Amino acid sequence: MRDIKAGPQAKHNEAAALVAQMSLQEKAACASGRKFWHMQGCERLGLPAVMVTDGPHGLRKQQRGGDHAGLNASVPATCFPTASALAASWDVELINEIGVALGEQCVAEQVTVLLGPGINIKRHPLCGRNFEYFSEDPLLAGELAAAFINGVQSQGVGTSLKHYAVNNQEQGRMYVDAIVDERTLREIYLRGFELAVKKSQPWTIMCAYNRLNGTYCGEHDWLLNQVLRGDWGFRGLVVTDWGATNDRVRGVRAGLDLEMPASGGINDRRIEQAVNRGELDIALLDQMITRNVAVSLCGADMAARSVTVNQQSHHALARRAAAESAVLLKNEQQALPLSEQSEIAVIGAFARHPRYQGTGSSQVNPTRLDCAYDAMLELLGDARLSYAPGYEPVYSEKDVALLDEAVGKARGAKVAVVFAGLPETYESEGFDRQHMRLPAQHDALIEAVCAANPNTIVVLCNGAPVEMPWVEQPRAILECYLGGQAGGSAVVDLLFGKINPCGKLAETFPLHQTDVPSDRWFPGAHRQVQYREGLYVGYRFFDSADKPVLFPFGHGLSYTKFEFSNLQVEQQPAGDWQVRVDVTNTGDCSGAEVVQVYVHDPVSSAYRPVQELKAFAKVKLAAGERSTVSMELARESFALFDPAAQAWLVEGGEFEIRVGASSRDIRLSAQITVDSDDQLSAAAQVTGPECSAEGCVVSDSVFGGMLGKPVPPAEPPRPFHMNTSLKELGEHSWLGRRFKQKVVAQFSQSLGAPASGKNPTLTRMFEEMANHMPLRSFALFSGGKMDFRRVQLVLALCNHRYLEALRLLFGGEEKWD
Ligand code: BGC
């Protein structure tokens, strides 16, 4: 039996032998999928069409209608906490275990590749999909992703690290051009991908929809061939995000292997044509198809394997994971844990109708769903419990009667536990959040309940940071994120001290949305988003500017206390540095602490954030126990990326090693001297953003200096082209508006969109997706029903190019631009 962990590389020769027997047509067919979820295969050669599917925090295997928006039903599968929750566990072992469980489920369902994890950096808390991403810090995101990938792939199942790269917002995600300087790319937005690729070799990487510095990620030679394959040694396959193909032939040249989903043969024919015309090297196509076939061969092996998934143990794992992912933000007067003897008013509809996962392509059909109220009933019985919904869970619009009822219940109880957060209509794939606040009804509920009962605990369920104008009022705040199907019982484990909270924020909670360094450039305008804040993302900005935050990166309390002592930083014979610190649990219950190591470079000829996370370790200790935690700092921990040298360079000299329990709670520090003769180029020494408590100030000339070229101008809406969105077409042209109506109806039919109003989140997501879809995608998604010629004909008419329209009408060849 073949080693299941060996992956597609072990299949290379077998795959190459099959490709050698394929006709050009068969090869071109293998460059895209078979319908929505399958790779192509080749019946004549006995190569099956294997299945790939979402990901990341549970399996979304659709058996009938396929879509990338979570519209059609999928098989029941364990819904684990989403990535923003899991990241708060800072627990690589736990995330690896979840990866293993997901791998088992994939084998049981015969899924060859699970489409995840997503590790885009949380540039701004409003990105609608932040719930699906790990962190604002690339080291943390990369390490967690590697643990996840190694877990899944240990089961002989592939992963798809996504979305490569710089996909940090939903607005205009299919065409927006992210303008980012190379240092920022290498040190922030690509770094997590680099770490994950080097530590875990995912079978596949999914390229993002958007453009990066003017070029679509799916045809970005620098991104795919040079950085991913050349610099990092990626050996797997690059797949498009669903519908991300722009110019397929350019994509082949740039290193894009697989187009998903199928485009009804449109792009396969383009590939064939390019080879026949001598525009595309057949050897390049062969290499690419070999990578695709190698993955299919791994999938073929899976047919001989069977796994019985133990749903109960996966549910138990999901419960443990949810508990480890919750962050105790505040706990005054030891309000938590609660006594089982207390009279408790449970307030908030999320206690009975949990908000536990996000909407969109990651939406899982859970095997069961725990709710906090039932878990409390089971623990305490109903004699001491009361309940009031306080708000309606989907829209949460203002409702005085619900508020009054909740206040009445809170007043009569010893403790009030308010469940609040973001309803699903507020955060989803497909659109960004409009503001950082909770719904007004949730804010009002918390304030009113706190006024009625000083002993109030707030439990938050949301995928990303929210403003908390009422933060001083409750005694305790427990951030549960989106805890998955067992989140309801896990929160009760935490509230009553069955489990000691140990989560730490993997992102900063700013006081106000306008404090976010990228806020003035998010989500951009005129099809472009400028990353002017450069390296100042999350705590890198707040700590450099010494700006107050609501809760800092790395923060999280416990029911016990930990002391750090005896820091030692020593250079090893091989050159790396070892950081050792003693951690003692000085409280009276067991618990876990995350030791965080930040590096501060006091003198640098390039601009640098004041400190950056370079290592971390989680340690579990019984009451009174002490342990020595040891972490490594490789040379890279002191380096920055020099764009002119195209290398990570270290300026020798003093560095400060800061060890703490959050980025704002540094407990110990040590000075070391790092030897290096590296000299930074002038390009690395350009002026960076001016960073102060007022925010980031970045003039055109400073940003141009960072980019090494003038800031690219915004794009005018006219003339329309294949990447104009339906919204733009509709806004700027009468004919475009008519076309838009027709196409949205067709598109909605093809994806099986819900009848308007039935599910408001899906309806909104669907509308946003359709509005922001570039015209080319309608042709590709229609599976051949709407050809490019028709789209181009409409374009020619909207652009008033009537001769061009006539030419297309009478059978002229379609053009690509
Ligand atoms: C999402 C991907 C997902 C794919 C397939 C896309 O819209 O961006 O993350 O894997 O659909 O559902």
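Residues numbered from 1 in each chain as written. Predicted model: local features only at pLDDT ≥ 70, side-chain atom pairs only at ≥ 80, totals over all residues. Heavy atoms only, no water.

J.: Got a sec to walk through the overall build of the protein? Specific residues and values, please.
T.: Broken down by element type, the protein carries 24 helices and 30 strands. A compact globule built from 817 residues should have a C-alpha radius of gyration of about 28 Å, and the protein, at 27 Å, falls within 12% of that. For the protein, the spread of C-alpha atoms along the three principal axes comes to 80 × 65 × 60 Å. When the 817 residues of the protein are sorted by exposure, 64% land in the buried category. Partitioning the contacts of the protein with sequence separation of at least 6, the portion at a separation of at least 24 is 76%. Total accessible area on the protein stands at roughly 28,600 Å², and carbon and sulfur atoms take up 49% of it. Taking the average place of the 79 positive charges on the side chains of the protein and the average place of its 95 negative ones, the gap between the two points comes to 6 Å. (Helix = DSSP H or I, 4+ residues; strand = E, 2+ residues; numbered from the N terminus. Rg over C-alpha atoms; globule rule 2.2 N^0.38 Å. Buried < 20%, exposed > 50% of the residue type's maximum accessible area, 1.4 Å probe, protein only. Contact = heavy atoms within 4.5 Å. Areas by Shrake-Rupley, 256 points an atom, 1.4 Å probe, with all protein chains shown as cover. Lys, Arg positive; Asp, Glu negative; His and termini not counted. Charge placed at Lys NZ, Arg CZ, Asp CG, Glu CD.)

J.: Help me get a handle on the sheet that holds strand E23 (residues 612-621), residues and values and all.
T.: An order of E23-E22-E27-E28 is seen for the four strands of this open sheet, with the pairing classed as antiparallel. With one partner strand each, in any of the chains shown, E23 and strand E28 (665-677) form the two edges of the open sheet. Going across the sheet, the axis of each strand differs from the next one's by a mean of 20 degrees, ignoring polarity. Pairing geometry for strand E27 (residues 651-662) and E28, over ten bridges, is antiparallel. Note on E28: the bridge partner recorded for Glu 654 is Thr 673. (Pairing = 2+ DSSP bridges. Axes fitted to C-alpha atoms, helices over the stretch in contact; angles between N-to-C directions.)

J.: Quick rundown of the pattern of salt bridges? Include the residues and the values.
T.: Counted according to the given criterion, the structure contains 51 salt bridges. Note that Glu 182 is salt-bridged to Arg 186, the shortest N-O span being 3.1 Å. Of the two residues, Glu 182 and Arg 186 both sit in helix H6 (residues 182-189), four residues apart, roughly one turn of that helix. Take Glu 182 and Arg 186: they sit in the same class, and that class is buried. (Salt bridge = Lys/Arg side-chain N within 4 Å of Asp/Glu carboxyl O.)

J.: Could you give me a rundown of the packing of H6 against helix H8 (residues 221-231), with the residues and numbers involved?
T.: It is at 14 Å that the axes of H6 and H8 come closest, and there the two elements cross at 55 degrees. It follows that H6 is oblique to H8 by the angle criterion. Considering the relative orientation of H6 and H8, their crossing is right-handed. Facing H6, whose interface residues are Glu 182, Leu 185 and Arg 186, H8 presents Trp 222, Val 227 and Asp 231. Residue classes in the contact of H6 with H8 are distributed as three nonpolar, no polar and three charged. (Parallel < 35°, antiparallel > 145°, perpendicular 65-115°, else oblique. Left-handed = near helix turned anticlockwise from the far one by under 90°. Nonpolar A, V, L, I, M, F, W, Y, C, P; charged D, E, K, R; others polar.)

J.: Lay out the pairing of strand E8 (residues 204-207) in plain terms, naming residues and giving numbers.
T.: Burial of the side chains of E8 extends over both faces: Thr 204 and Met 206 are buried on one face and Ile 205 and Cys 207 on the other. Bridging between strand E6 (residues 158-164) and E8 involves three bridges; their strand directions are parallel. Among the inter-strand pairings, Tyr 164 is bridged to a residue of E8, identified as Cys 207. Bridging between E8 and strand E11 (residues 237-240) involves four bridges; their strand directions are parallel. In the strand pairing of E11, Ile 205 is matched with Val 238.

J.: Report on the pairing of strand E13 (residues 344-347), specifying residues and quantitative values.
T.: Neither face of E13 is open: one carries Ile 344 and Val 346, the other Ala 345 and Ile 347, and all of them are buried. Strand direction decides the pairing type here: E13 and strand E15 (residues 385-388), joined by four bridges, are parallel. Bridge pairing links Ala 345 to Ser 386 in E15. Taken together, the four bridges between E13 and strand E16 (residues 415-421) define a ladder with parallel strand orientation. Of the residues in E16, the one forming a bridge with Ile 344 is Val 415.

J.: Which residues make up the site of the ligand, and what are the values?
T.: Taken together, 15 residues lie near the ligand, and Asp 54, Arg 129, His 163, Tyr 209 and Asp 241 sit nearest. Arg 60 places a polar side-chain atom, nitrogen or oxygen, 3.3 Å from an oxygen atom of the ligand. Interatomic distance of 3.0 Å between a side-chain N/O atom of Lys 162 and an oxygen atom of the ligand. Taken by itself the ligand offers 310 Å² of open surface, and the protein chains cover 100% of this. (Near = heavy atom within 4 Å. Polar contact = N/O pair within 3.5 Å; in protein donor to acceptor, adjacent residues only side chain to side chain.)

J.: Outline the packing of aromatic side chains, listing residues and values.
T.: On inspection of all chains with the given rule, the structure shows 15 aromatic pairs. With a centroid separation of 5.7 Å and an interplanar angle of 40 degrees, the aromatic rings of Trp 37 and Trp 242 are classed as tilted. Of this pair, Trp 37 sits in the loop between strand E1 (33-34) and strand E2 (38-39) while Trp 242 sits in the loop between E11 and helix H9 (248-254), and the two are 205 residues apart along the sequence. In this structure Trp 242 comes out as buried when scored by relative accessible area, which is 2%. One aromatic cluster is present, built from ring pairs that chain together Trp 90, Tyr 539, Phe 553, Tyr 598 and Phe 616. For Arg 123, the ring lying beneath its charged end belongs to Tyr 531, and the centroid distance is 3.8 Å. Just above the ring of Phe 431 sits the side chain of Arg 764; from NZ or CZ to the centre is 3.8 Å. (Phe/Tyr/Trp six-rings, centres within 6.5 Å; stacked < 30°, edge-to-face > 60°. Lys NZ or Arg CZ within 6 Å of the ring centre and 35° of its normal.)

J.: Residues and numbers for the sheet that holds strand E18 (residues 476-479), please.
T.: With mixed pairing, six strands are arranged side by side in an open sheet as E12-E18-E17-E16-E13-E15. The open sheet has two edge strands with one neighbour each: strand E12 (327-331) and E15. Averaged over all adjacent pairs, the angle separating strand axes in this sheet is 15 degrees, with direction ignored. As judged from the six bridges shared by E16 and strand E17 (residues 456-461), these two strands associate in the parallel manner.

J.: Before we move on, can you summarise the side chain of His 555 with the specific residues and values?
T.: Tracing the chain through its elements places His 555 in the loop between helix H17 (539-545) and strand E20 (562-571). When near neighbours in sequence (up to four residues on either side) are disregarded, His 555 contacts Val 327, Leu 328, Leu 329, Gly 503, Lys 504, Leu 505, Ala 661 and Ser 662.

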